[in-house]
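# Coordinate inspection notes
The primary structure of each chain is shown beneath.
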Amino acid sequence: MVNLEEPVLKVVDLWKSYGKLEVLKGISFELKKQEVKVIFGPSGSGKSTLLRCINMLDPPQKGEVYLSGINLMDKNVNLNKLRSKIGMVFQHFNLFSHLKAIDNVSLGLRRVKGMSKDLAKQKALEALKRVKLADRANHYPAELSGGQQQRVGIARALAMDPEIILFDEPTSALDPELIGEVLQVMLDIAKTGTTMVVVTHEMGFARAVASEMIYIENGLIVERGIPNHFFESPKSERVKHFLRQIDVLYGKHEDLIKIEKEK
Ligand SMILES: Nc1ncnc2c1ncn2[C@@H]1O[C@H](COP(=O)(O)OP(=O)(O)OP(=O)(O)O)[C@@H](O)[C@H]1O
Ligand SMILES: [Mg+2]
């Protein structure tokens, strides 16, 4: 029987080191279906490592990762199959430059899900529609703007119909004028019930959709709470200082909330 209360993702006491460098020192959190968790913190704090540990691209030394109750650390599970249920969106898009947008999106459907060429193309086109790029389906990455390339990256993740999508600073490599279109697409898919873990410093996005925000520093969770907690009464001085820095570096990005209110 399906347990509706079962978290989609449960991370328990995750530890990861590279040689003597301890990068994650006991991270735990969980997400229910349709929740969006925003993770933020200084450069080098372990955010990307955490995402790579979650999908076992880089397995942790200690701890547990459960996807809908199945322990990915268990040696007997089919890791490739489970990994196909975890979508990933990268900072630098990671598209194949020799493939058109539609083929970048349909590749996983064919190779991993074994779909026929026609069905995979149909599903890929549906995913491109969700990111408002159906009209660019036959363009190569070099013929697309950075924002459009990232939306192809999001479509590629969506097309696989994953249980959860992990985003690693999806807008931080984009020119400022392209960030809004990607955040808007992420907002749309969050609102239609996609379960997401998003590493980002876009606080407007966090405020609009995060069910919880987690601040990580030196591989530890320093503070966590609903967005209002961070915007109105953060406890730790480190968090306050970091949020002030973000305002300076990224601007306040309240535009996204304005867009939402005008809808
Ligand atoms: N494969 C690796 N081998 C050795 N050290 C690594 C490896 N991957 C990451 N690290 C180190 O682990 C620490 C955390 O890196 P990570 O990329 O997770 O940080 P981050 O929070 O994502 O930073 P950023 O905000 O700059 O992306 C850094 O000190 C980094 O140099
Ligand atoms: Mg990173």
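One structure accompanies this document, and this report is about it.

What counts, and where the lines are drawn
- Residues numbered from 1 in each chain as written.
- Chains lettered and ligands numbered in written order.
- Predicted model: local features only at pLDDT ≥ 70, side-chain atom pairs only at ≥ 80, totals over all residues.
- Near = placed C-beta within 6 Å.
- Helix = DSSP H or I, 4+ residues; strand = E, 2+ residues; numbered from the N terminus.
- Nonpolar A, V, L, I, M, F, W, Y, C, P; charged D, E, K, R; others polar.
- Pairing = 2+ DSSP bridges.
- Contact = placed C-beta atoms within 7 Å.
- Axes fitted to C-alpha atoms, helices over the stretch in contact; angles between N-to-C directions.
- Buried ≥ 20, exposed ≤ 12 C-beta atoms within 10 Å, placed from the backbone.
- Right-handed = clockwise from strand over helix to strand, strands pointing away.

A separate point is the site of ligand 1. Near ligand 1 the following residues occur: Tyr18, Leu21, Val23, Ser43, Gly44, Ser45, Gly46, Lys47, Ser48 and Thr49. Mapped onto the shell around ligand 1, the elements with two or more residues apiece are strand S2 (21–31) and helix H1 (47–54). Among the elements that line the shell around ligand 1, the one with the most residues is H1, at three residues. Here the residues of the shell around ligand 1 are counted per class, giving three nonpolar, six polar and one charged.

What follows deals with the sheet that holds S2. Within a sheet, each strand pairs with its neighbour through backbone hydrogen bonds, oriented either parallel or antiparallel. Strands sit in the order S2-S1-S4-S5 across an open sheet of four strands; the sheet is antiparallel. Two strands bound the open sheet, and with one partner strand each, they are S2 and strand S5 (70–71). Pairing of strand S4 (residues 62–67) with S5, which is carried by two bridges, proceeds in the antiparallel orientation. Note on S5: the bridge partner recorded for Leu67 is Ile70. Taken strand by strand, H1 contacts strand S1 (9–18), S2 and S4, and its axis lies near 60° from that of S2.

We now examine the pairing of strand S7 (residues 164–168). In terms of residue burial, S7 counts as a mostly covered element, since five of its five residues are buried. With four bridges joining them, strand S6 (residues 86–89) and S7 adopt parallel strand pairing. Bridging across to S7, Gly87 finds its partner in Ile165. In the sheet, S7 pairs with strand S8 (residues 196–199) via four bridges, with the strands oriented parallel. Within S8, the residue paired with Ile165 across the bridge is Met196. Between the parallel pair S7 and S8, the chain is carried across by helix H6 (residues 176–191), and the sense of this crossover is right-handed.

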